[in-house]
Amino acid sequence: MKTKVGIIGGGPSGLLLSQLLDLQGIDNVVLERRSREYVLGRIRAGVLEHGFAKLMREAKCGERMDKEGEIHDGIYIAYDGDKKRVDLNSLTGGNSVIVYGQTELTRDLYDAREKMGGKVIHGVENVQLHDITSDNPSLTFEKEGQSEKIECEYIIGADGFHGVSRKSIPRDKIKEYERVYPFGWLGVLSRTKPVSKELIYARHERGFALCSLRSQVLSRYYVQVSLEDSVDDWSDERFWKELKTRLPEDVAAELITGDSIEKSIAPLRSFVAEPMRYGNMFLAGDAAHIVPPTGARGLNSAASDIYYLYHAMVDHYKKGDDTGLDNYSKKALARVWKGQRFSWWMTMLLHRFPQSSGFDNRLQDTDLDYLFSSEAALTSLAENYVGLPF
Ligand code: FAS
Ligand code: PHB
């Protein structure tokens, strides 16, 4: 098999790039380890920056997002028994975010790929990258016991944090930066009416909590938990009781509880691999960087990688201009690190750190006090939350 661009990973990063390239007539193949159903079964991100939404529309995949997604002009931050609103829209001169689950977005991308006859190969095993630094790199993989080879001009590693592409870069050619947080997020999905029309990020002495949603009949809630905890330690009853404890009383009183239809614990880490290019292989999305979900930057950081790669590939194939490809890593990392900084800052601001001292806790108090006493501080939060320019 031959193609121009071999993409490893059929998550949002790989699918979005595949769709954008195909629309420009740039041939590509996506190799995905899991089945489509398995990928769609993952409950992950919920908030899209306006830049991501724009890219989905450019990929002709934005119709359902615009119809079913909810435009949010603000978020709340709750602490000391009260909640305060951050007016994202007025602070950023009219920008907002769209609340639309990653599951639905990925479904739209899969449907679009199918409609265009895109080549997405599921159930691949043992994907290997060959001759990455040559002008004719290739991918090999097995499927149903058959060995296959794809000759390509470029390889995109969009295979997530545990993928094979980053690990195919020689250790002396890559530098990894990491911070692991001493707690996780226990997330619950429930078919209940969300407690708030806009997201509530809550700081409480017992730990962080988040009230989010997927629609007006599907709520998504999180509480910070110890890394020692397992999902089995958290009955629905215990979860709802803890969430209520961490919310302002007036919000807790309105909370509609119900059976969890999904319950999982995600660890929190900050991670960046540099550079995001090795030879003719480019890393994109979680394959290159991970953020704690506090700032809703995970999926959104992938968007700018895809935007830069898409334009660089079009310039290469249509204009013979390789500036975009040559500058990709530097340009992508500049925005990735701003997303890292914001996610780290939101995490430090709102979580209870097990070893935190009285001084740390008073600093958090002061950070929140300063945030809501300064339009400049609120504007900084808002412009990062709606998404910095690509
Ligand atoms: P993904 O990991 O989504 O996709 C990579 C794909 O590559 C997967 O489908 C995988 O099966 C495939 N793959 C891996 N190895 C392979 C191999 N060797 N061969 C072939 N295929 C291979 N972000 C937010 O903004 N908000 C959130 O609340 C949030 N919650 C999250 C919760 C969890 C548990 C996780 C893990 C992530 C969360 N994220 C969140 C971040 C998440 O949304 C990612 O940013 C997003 O999935 C990134 O998309 P991809 O880069 O496509 O990586
Ligand atoms: C979610 O809805 O899953 C969500 C929203 C915002 C975040 C993290 C997760 O910061």
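Residues numbered from 1 in each chain as written. Chains lettered and ligands numbered in written order. Predicted model: local features only at pLDDT ≥ 70, side-chain atom pairs only at ≥ 80, totals over all residues. Heavy atoms only, no water.

Student: An account of the packing of helix 10 (residues 323-350) against helix 11 (residues 358-371) is needed here, citing residue identities and associated values.
Tutor: Two elements in contact, helix 10 and helix 11, have axes separated by 8 Å at closest approach and are oriented at 115°. Only Gln 364, Asp 367, Leu 368 and Leu 371 of helix 11 make contact with helix 10, whose side of the interface consists of Trp 345, Met 348, Leu 349 and Leu 350. For the contact of helix 10 with helix 11, the per-class residue count stands at six nonpolar, one polar and one charged. (Axes fitted to C-alpha atoms, helices over the stretch in contact; angles between N-to-C directions. Helix = DSSP H or I, 4+ residues; strand = E, 2+ residues; numbered from the N terminus. Contact = heavy atoms within 4.5 Å. Nonpolar A, V, L, I, M, F, W, Y, C, P; charged D, E, K, R; others polar.)

Student: Describe the nonpolar core, with residues and values.
Tutor: Counting residues in hydrophobic clusters, the biggest one holds 71 residues, and the most contacted among them are Leu 16, Leu 31, Leu 139, Ile 156 and Met 313. Sorting elements by how many residues they give to this core places helix 9 (residues 298-319) first, with nine residues. Counting 34 residues, the second-largest nonpolar core is a separate cluster that includes Val 97, Phe 208, Leu 371 and Val 386. (Core = buried A, V, L, I, M, F, W, Y, C linked by side-chain atoms within 4.5 Å. Buried < 20%, exposed > 50% of the residue type's maximum accessible area, 1.4 Å probe, protein only.)

Student: Mind laying out helix 11, listing which residues take part and the relevant values?
Tutor: When the terminal C-alpha atoms of helix 11 are compared, their 20 Å separation across 14 residues agrees well with the 20 Å that a helix rising 1.5 Å per residue should span. For helix 11, every residue scored as buried is listed here: Asn 361, Gln 364, Leu 368 and Leu 371. Burial along helix 11 is one-sided: seen end-on, the buried residues are contained in an arc of 85°. Turned more than 90 degrees from where helix 11 packs its buried face, Phe 359 and Arg 362 sit exposed. Against strand 5 (75-79), helix 10 and helix 12 (375-386) lie the buried residues of helix 11. (Expected span 1.5 Å × (residues − 1). Arc of directions from axis to C-beta.)

Student: Outline the environment of Glu 375, supporting the account with residue identities and numerical values.
Tutor: Of note, Glu 375 is situated in helix 12. Given the relative accessible area of 60%, Glu 375 is considered exposed.

Student: Give a detailed account of the site of ligand 1, specifying residues and quantitative values.
Tutor: Surveying the vicinity of ligand 1 reveals 30 residues, the closest of which are Ser 13, Glu 32, Arg 42, Arg 44 and Gln 102. Between Arg 44 and ligand 1, the recorded distance is 2.9 Å, taken from a side-chain N or O atom to an oxygen atom. Separating an oxygen atom of ligand 1 from a backbone N or O atom of Gly 298 is a distance of 3.2 Å. Those elements that provide at least two residues to the shell around ligand 1 are helix 1 (12-23) and helix 9. (Near = heavy atom within 4 Å. Polar contact = N/O pair within 3.5 Å; in protein donor to acceptor, adjacent residues only side chain to side chain.)

Student: Go over the packing of aromatic side chains with me, naming the residues and quoting the values.
Tutor: Under the counting rule described, the total for this entry stands at 17 aromatic pairs. Ring geometry for Phe 183 versus Phe 353: centroids 5.0 Å apart, planes at 75°, classification edge-to-face. In this pair, Phe 183 sits in strand 13 (residues 175-190) while Phe 353 sits in the loop between helix 10 and helix 11, placing the two residues 170 residues apart along the sequence. Ring geometry for Tyr 201 against Tyr 385: centres 6.0 Å apart, planes inclined by 90°, an arrangement best described as edge-to-face. Placement of the pair is Tyr 201 in strand 14 (residues 200-202) and Tyr 385 in helix 12, with a sequence separation of 184 residues. (Phe/Tyr/Trp six-rings, centres within 6.5 Å; stacked < 30°, edge-to-face > 60°.)

Student: Describe the pattern of salt bridges, and please don't skip the residues or the numbers.
Tutor: Using the criterion set out here, one finds 27 salt bridges in the structure. One salt bridge connects Asp 111 with Arg 36, and the closest N-O pair in it is separated by 2.4 Å. Placement of Asp 111 in helix 6 (residues 102-115) and of Arg 36 in helix 2 (residues 36-40) is noted, with a sequence separation of 75 residues between them. Two residues, Lys 83 and Asp 250, come together in a salt bridge whose shortest N-O distance is 4.0 Å. On the criterion of sequence distance, the pair formed by Lys 83 in strand 6 (residues 82-86) and Asp 250 in helix 8 (residues 249-254) is long-range, its members being 167 residues apart. With a relative accessible area of 26%, Lys 83 lands in the partly exposed category. One salt-bridge network, in which partners are shared between bridges, spans Arg 64, Glu 68, Glu 104, Arg 107 and Asp 108. (Salt bridge = Lys/Arg side-chain N within 4 Å of Asp/Glu carboxyl O.)

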